[in-house]
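Chain by chain, the residues run as shown.
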Amino acid sequence: MIRRVLRAPLVLLWLLWNVLVSSWDLARTALTPGPVGSPVLVRYPMRCRTNVEVTALSWAITVTPGTLVTVIGETDLWVHVVLGGPREEMIDMLRETEDRVLSVLRGDPS
């Protein structure tokens, strides 16, 4: 329990860093002439099960500039990524976010 409480500020700092980096990337891309890239809609099979876990994960994804949870299903999320790339990279990014959220809510991401 105490580890989860101590881990929470670290996860929030990590999320804040991601928000800053994503904001910079999005602004730089928007202000640079040329094509923006390929937006991607990704189906992410989540491990979150409770409403609190799903809500926290969805918020962490949506608060990051350039990403938006579009559909919340029973076992998966559909996420729109503006500056998309290979789907595998997007899945890895979402898995890392879920791992960090679950490390605070459950104590382990599995």
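Above: the structure in question.
I will try to describe carefully the structure that is included in this document. No experiment lies behind these values; they were computed from the predicted model shown. (Residues numbered from 1 in each chain as written. Predicted model: local features only at pLDDT ≥ 70, side-chain atom pairs only at ≥ 80, totals over all residues. Heavy atoms only, no water.)

For the rest of this paragraph, the subject is the packing of helix α1 (residues 2-31) against helix α3 (residues 87-105). When two helices pack together, you describe them by how their axes are tilted relative to each other and by the distance separating the axes. Closest axis-to-axis distance for the α1/α3 pair is 8 Å, and the angle between their directions is 150°. In this view, α1 runs roughly antiparallel relative to α3, as classed from their interaxial angle. When the axes of α1 and α3 are compared, the crossing they make is left-handed. Two secondary-structure elements touch here, α1 through R4, R7, A8, V11 and W14 and α3 through E96, T97, R100, S103, V104 and L105. Broken down by class, the residue content of the contact of α1 with α3 amounts to 5 nonpolar, 2 polar and 4 charged. (Axes fitted to C-alpha atoms, helices over the stretch in contact; angles between N-to-C directions. Helix = DSSP H or I, 4+ residues; strand = E, 2+ residues; numbered from the N terminus. Parallel < 35°, antiparallel > 145°, perpendicular 65-115°, else oblique. Left-handed = near helix turned anticlockwise from the far one by under 90°. Contact = heavy atoms within 4.5 Å. Nonpolar A, V, L, I, M, F, W, Y, C, P; charged D, E, K, R; others polar.)

Together, L10, L13, L16, W17, L20 and V21 make up a nonpolar patch on the protein surface, roughly 630 Å² of accessible area in all. Relative to the helices and strands, V21 is located in helix α1. The exposure class assigned to V21 is partly exposed, which follows from its relative accessible area of 31%. (Patch = residues over 30% accessible without salt bridge, like charges linked within 9 Å, V, L, I, M, F, W, Y side chains within 5 Å. Areas by Shrake-Rupley, 256 points an atom, 1.4 Å probe, with all protein chains shown as cover. Salt bridge = Lys/Arg side-chain N within 4 Å of Asp/Glu carboxyl O. Buried < 20%, exposed > 50% of the residue type's maximum accessible area, 1.4 Å probe, protein only.)

For strand β1 (residues 40-45) and strand β3 (residues 76-81), the ladder comprises 6 bridges, and the chain directions are antiparallel. Counted as the bridge partner of L41 is H80 from β3. Between the end of strand β2 (residues 67-72) and the start of β3, which pair antiparallel, lie 3 residues. (Pairing = 2+ DSSP bridges.)

A few words now on the pattern of salt bridges. Scanning the model with the defined rule gives 7 salt bridges in all. Across the salt bridge formed by R95 and D92, the nearest N and O atoms sit 3.3 Å from each other. With R95 and D92 both in helix α3 and 3 residues apart, this pair spans about one turn of that helix. Each of R47, E98 and D99 takes part in one network of salt bridges that share partners.

On to the sheet that holds β1. Reading across the sheet, the 3 strands line up as β1-β3-β2 and stay open at both edges, with antiparallel pairing between neighbours. Two strands bound the open sheet, and with one partner strand each, they are β1 and β2. Strand-to-strand twist of the sheet, defined as the mean angle between neighbouring strand axes without regard to direction, takes the value 30°. In this sheet, β3 lies alongside β2 in antiparallel orientation, the contact comprising 5 bridges. Its bridge partner lying in β3, V69 is registered against V79. Taken strand by strand, helix α2 (residues 51-62) contacts β1, β2 and β3, and its axis lies near 145° from that of β2.

For α3, built from 19 residues, the straight-helix expectation of 27 Å at 1.5 Å per residue is met to within 8% by its first-to-last C-alpha distance of 27 Å. Within the sequence span of α3, burial applies to M90, I91, L94, T97, E98, V101, L102, S103 and V104. The first or second residue beyond α3 is G107, which carries a positive phi of 100°. (Expected span 1.5 Å × (residues − 1).)

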